[in-house]
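Overview (structure and organization)
The lines below spell out each chain.
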Amino acid sequence: MFAYRSLRVALLGAGTVGSQVARLLIDEADELANRVGARLELVGIAVRDPDAPRDTPLPQELFTTDAESLILGADIVIELMGGIEPARTFVLQALGSGADVVTGNKALLATHGPELAEAAEQVGAQLAYEAAVAGAIPIIRPLRESLAGDRVERILAIVNGTTNFILDRMDSTGTSLENALATATELGYAEADPTADIGGYDAAQKAAILASLAFHTTVPLASVHREGITEISAAEVAAAADAGYVVKLLAICGRMTDPDTGEDAVSVRVHPALIPRTHPLASVRGGNNAVFVEAEAAGPLMFYGAGAGGVQTASAVLGDLVAVARRHVVGGPGLGDSAHAGLPVLDIGKVTTRYAISLDVDDQPGVLAAVAQTFARHGVSVEQLQQTTSDESGRATLVVGTHTARESALAETVAELATIPAVASVASVLRVEGAA
Ligand SMILES: NC(=O)C1=CN([C@@H]2O[C@H](COP(=O)(O)OP(=O)(O)OC[C@H]3O[C@@H](n4cnc5c(N)ncnc54)[C@H](O)[C@@H]3O)[C@@H](O)[C@H]2O)C=CC1
Ligand SMILES: N[C@@H](CC=O)C(=O)O
Ligand code: NA
């Protein structure tokens, strides 16, 4: 064994991911030292309660509640506490002291990314965050480095393991959202507050991070259109299956031309959508994620794998740690992200896509015509209209599939459909993505 110098590594948080990072750092210490050219010495783990029972046994003497002192003596700080505060303060403190930072905290990056990047740039420190998007899947480094010379046109992705697990369970077993969420939480996929997952907030944070990197533009979280899966019913999932589709929570980031001004722009949205069962994203099961990137020169690329889970995500954290530590050994400032393009982020109303609308209607003459006329009045072209048999109550279900339409026109159409006397309810409105 060479007499390597040591780099002092401080870990903040020992939960699902942090405990696995600590374990691997200890178990793989010699191998990691050989890869880095320096020993990664875990000098302490900041936690809320050092005596709390833990699934992963770790040396008790490493635990401390004094995160600030731990950070002060560190060369590299790994932040795996989650949440905005005190994580933001600790990360800024670490960067301010010249330490490099590795984090998986997408909530923090999506809300304070530019502030953290600037703090890192000021002192030439590195800020690495592969674990923040799509867990174990390498996607940050490919966008930041491998595709830095290409022009990314579009990203179509499943970036939340919890919701993918839930929708997959609802599709394959017919179970309820609540039951599937309980299992996803047990498996370590869900956030501390799972509303972040099922409400689409976690995926929106990841979409903001992906789009910022892909389009060299700061994409504020507030400009990401977000819808979660809480309104998705078992009936919608079953109807989708009957029609040859599957419901997935998608993150879609794309370059666009503003239809009103003709300017170059981008759109970033997260919402549940129907995709054909034959689409490669339909085969992404359980807690897995997949990210499709369409780049001008490279063409389509697909990144697939574990999007959540303690040990899986620890792989991405350790990958960043090794990369950051290697650079620390050779010296030189960290690589910043570029946001020079400054493209506007368009409102969802300007986005165009296809839709499937399901209506409960009175099965009476004239209803079909009234529905079709409403679509026509708003310039939304109908591709398919299907009526399923009425039940004893005299009701029928109409499923309308549209050609590509502008979101604002579709919203107006849906609002007017609800006012037709023969329309009892607009049961479901889902976007259709990835269909030929
Ligand atoms: N669980 C997963 O599959 C993934 C998680 N992430 C991200 O990684 C980070 C950590 O996630 P998990 O390990 O799942 O969270 P967790 O909730 O299991 O663990 C967080 C740990 O930080 C500690 N902590 C929180 N606030 C603290 C404070 N003020 N002082 C000291 N310790 C504090 C908690 O006690 C806990 O041990 C989050 O930012 C999360 O979004 C990213 C990718 C996947
Ligand atoms: N809660 C997240 C964890 C990974 O980022 C998810 O379910 O994907
Ligand atoms: Na990743």
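Bear in mind the structure is a predicted one, so any value in this text is a computation, not a measurement.

Each value, and the rule that gives it
- Residues numbered from 1 in each chain as written.
- Chains lettered and ligands numbered in written order.
- Predicted model: local features only at pLDDT ≥ 70, side-chain atom pairs only at ≥ 80, totals over all residues.
- Heavy atoms only, no water.
- Donors = N, O, S within 2.8 Å, 3.2 Å for Na, K, Ca; no water.
- Buried < 20%, exposed > 50% of the residue type's maximum accessible area, 1.4 Å probe, protein only.
- UniProt positions renumbered as here; feature names shortened; annotations may be inferred.
- Helix = DSSP H or I, 4+ residues; strand = E, 2+ residues; numbered from the N terminus.
- Contact = heavy atoms within 4.5 Å.
- Near = heavy atom within 4 Å.
- Polar contact = N/O pair within 3.5 Å; in protein donor to acceptor, adjacent residues only side chain to side chain.
- Areas by Shrake-Rupley, 256 points an atom, 1.4 Å probe, with all protein chains shown as cover.
- Nonpolar A, V, L, I, M, F, W, Y, C, P; charged D, E, K, R; others polar.
- Core = buried A, V, L, I, M, F, W, Y, C linked by side-chain atoms within 4.5 Å.

Bringing the coordination of the sodium ion (ligand 3) into the picture now. Glu 130 (O), Glu 130 (OE), Val 133 (O), Gly 135 (O) and Ile 137 (O) make up the full set of protein donors to the sodium ion (ligand 3), lying at 2.4 to 2.7 Å. Going along the chain, you hit the donors of the sodium ion (ligand 3) in the pattern E-x2-V-x1-G-x1-I. Here the two residues Val 133 and Ile 137 agree in accessibility, since each one is buried.

Attention now goes to the UniProt feature "active site" (unreviewed entry) in the chain. This chain's UniProt record puts "active site" (unreviewed entry) on Lys 206. In this fold, Lys 206 is placed in helix 10 (residues 201-215). Setting aside anything within four residues of it in sequence, one finds Lys 206 in contact with Lys 106, Ala 132, Val 133, Ala 134, Val 159 and Asn 160.

Right, let's talk about the site of ligand 1 for a bit. By nearness alone, 21 residues border ligand 1, and Thr 16, Val 17, Lys 106, Glu 191 and Gly 309 come closest of all. Lys 106 is positioned with one of its side-chain polar atoms (N or O) 3.1 Å from an oxygen atom of ligand 1. With respect to ligand 1, the backbone of Gly 188 contributes an N or O atom lying 3.2 Å from a nitrogen atom. Look at ligand 1: alone it shows 830 Å² of surface, and the protein chains cover 83% of it. In terms of residue class, the shell around ligand 1 is made up of nine nonpolar, nine polar and three charged.

This paragraph deals with the nonpolar core. Counting residues in hydrophobic clusters, the biggest one holds 75 residues, and the most contacted among them are Val 77, Val 133, Ile 139, Leu 143, Ile 155, Val 291 and Val 293. At ten residues, the largest contribution of residues to this core is made by helix 10. Apart from residues lying up to four places away in sequence, Val 291 is in contact with Ala 134, Ile 139, Ile 155, Leu 156, Ala 157, Val 159, Leu 301, Met 302 and Phe 303. Ranked by size, the runner-up nonpolar core spans 33 residues in total, among them Val 17, Leu 25, Ala 316 and Ala 325.

Moving on, we come to the UniProt feature "binding site: NADPH" (unreviewed entry) in the chain. Under the local residue numbering, the UniProt record ascribes the feature "binding site: NADPH" (unreviewed entry) to Lys 106. With respect to the secondary-structure elements, Lys 106 resides in helix 5 (residues 106-123). With near-sequence residues (within four places) excluded, Lys 106 lies in contact with Ala 132, Glu 191, Asp 202, Gln 205, Lys 206 and Ile 209.

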